[in-house]
Amino acid sequence: MDASERFHWTLNPKVTPGAAYGAAQAALLDGAGLARARDVISAWPGYGPTPLVALPGIARRAGVGAVHYKDEGQRFGLKSFKPLGGAYAVACLVMDEVGRRTGADGIAIADLLAGRYRDIASTITVTAATDGNHGRAVAWGARLFGCNAVIFIHETVTAGRERAIAGYGAEVRRTPGTFDDAVRVTQETADVEGWHVIADTSDGVVIGATRNVMQGYALMAAEAIEQLPYEGPPSHIFLQAGVGGMAAATCAQFWQAFGADRPKTVLVEPETAACWFESVKAGEPATVGGDLESIMAGLACGEISRPAWDILAPGADGAMTITDEAAARCMRLLAAGEDGDAPVVAGESAVAGLAGLLAAAADDGACDALGLDADSRVVLFGTEGATDPDTYAAIVGHPAEAVV
Ligand SMILES: Cc1ncc(COP(=O)(O)O)c(C=O)c1O
């Protein structure tokens, strides 16, 4: 077996199929939260739903009925879904701070965008740890809403990703160790400096910003549900997971929309950073060590986000690990356009869900266990385009601009 075919899968013993969306989940993400996120985000310049692309060629390759791919490659020009979360959490923070300091009840996003509270916003500093995309989203949001940003990156974040963050006017600080180490340094520095941490992950003690991040991501899933060319639920969603915020928000949105008929939800991670796979297997949050190295930079996390666990422990049906080779192969497949499919520019972390689908589809045991067959309708979330153009070109063999 070559490395692009090596994978592992497990079912989740804690999943509650047929259960309604519960109170514990609704305390984190709900319809009112989505409505607020949609209201705020749709006011930003350049907002529009990203495309949901049908991939019949990929569906034939996988032996399923349909594959729909939500292409986040052009979201707000940042080339990933991340501004929906990071920048939304910055907007919430700045609106709350302005409200607190002025005593005004409810600050309108339009006023913030128009610079009406520039004096207050300019005294606020937000900070975040990132493997690239989240920091870029926070930096972009800080610039849009008029506050300052200091972004922490770890040892192996590429120079291309560092430049992209700095390009939005943020101060970028590189720290030793992994993403999880950078998360700790960010919190310690913020405590000393009086900065506001826009964390996309939480140990469950402080969850405010993380919940806002996830609530913003849920808009991506809500758009996809509205764009599906049929009534009723798809049968499966394969979701890549780093800390799990994106997967949890997406699972929660499909769960709210379709209740007991929600799609089977499968988490997919790099084999070198499989904290969700290990947690699902163990039935409790588990940490994985090592350098977590993977080309799927956005998924290279060793610790899960606790609020995401509260949704995915009952919500995910299974978890999988895939290799870097499988991800690279899927990037090339999408760029080439499989069997008549329109070509898609998909970055390293965007394709893990697709790689998980193709791996499961080629395995009789996984197909049986997950109910994957010729009638299955699968939704995938292509969470980034060529966010690091040099890395993209090196993997695919030509630049993103040449994918047409
Ligand atoms: C492109 C991309 N996809 C998926 C993810 C995973 O999101 P989460 O960390 O919320 O699981 C990330 C995280 O940075 C990402 O950048």
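Residues numbered from 1 in each chain as written. Predicted model: local features only at pLDDT ≥ 70, side-chain atom pairs only at ≥ 80, totals over all residues. Heavy atoms only, no water.

S.K.: Mind laying out the sheet that holds strand β10 (residues 318-322), listing which residues take part and the relevant values?
M.R.: Paired through their backbone hydrogen bonds, the strands of a sheet run either parallel or antiparallel. Overall, mixed pairing links the seven strands, which are arranged β1-β10-β9-β8-β11-β3-β2 in an open sheet. Of all the strands in the sheet, the pair left with one neighbour each is β1 (8-11) and β2 (52-54). Going from strand to strand, the sheet's axes swing by 20° on average, the running direction of each strand aside. Looking at chain direction, β1 and β10 are connected through four bridges and run antiparallel. (Pairing = 2+ DSSP bridges. Helix = DSSP H or I, 4+ residues; strand = E, 2+ residues; numbered from the N terminus. Axes fitted to C-alpha atoms, helices over the stretch in contact; angles between N-to-C directions.)

S.K.: Would you mind going over the layout of surface pockets in detail, with residue names and values included?
M.R.: In this model, the largest pocket occupies a volume close to 690 Å³. Where the lining of the largest pocket is concerned, the elements lending two or more residues are β4 (125-130), α9 (179-193) and α10 (208-227). No other element matches α9, which puts eight residues into the lining of the largest pocket. Its residues placed into classes, the lining of the largest pocket shows 16 nonpolar, eight polar and seven charged. (1 Å grid on protein atoms, 1.4 Å probe; cavity = no way out; pocket = protein on both sides within 12 Å on 5 of 7 lines; lining within 4 Å. Points joined across faces, edges and corners; volume = space filled by probe spheres on them. Nonpolar A, V, L, I, M, F, W, Y, C, P; charged D, E, K, R; others polar.)

S.K.: Outline the site of the ligand, listing residues and values.
M.R.: The full set close to the ligand counts 17 residues, and Asn 133, Gly 242, Gly 244, Met 246 and Thr 383 are the nearest of them. Note that an oxygen atom of the ligand is positioned 3.2 Å from one of the side-chain N or O atoms of Lys 82. In the model, an oxygen atom of the ligand is placed 2.7 Å from a nitrogen or oxygen of the Gly 244 main chain. Against a free-state accessible area of 380 Å², the protein chains account for coverage of 99% of the ligand. Mapping the ligand onto the cavity grids shows that it belongs to the largest cavity. (Near = heavy atom within 4 Å. Polar contact = N/O pair within 3.5 Å; in protein donor to acceptor, adjacent residues only side chain to side chain. Areas by Shrake-Rupley, 256 points an atom, 1.4 Å probe, with all protein chains shown as cover. Sits in = over half its atoms within 2 Å of the grid points.)

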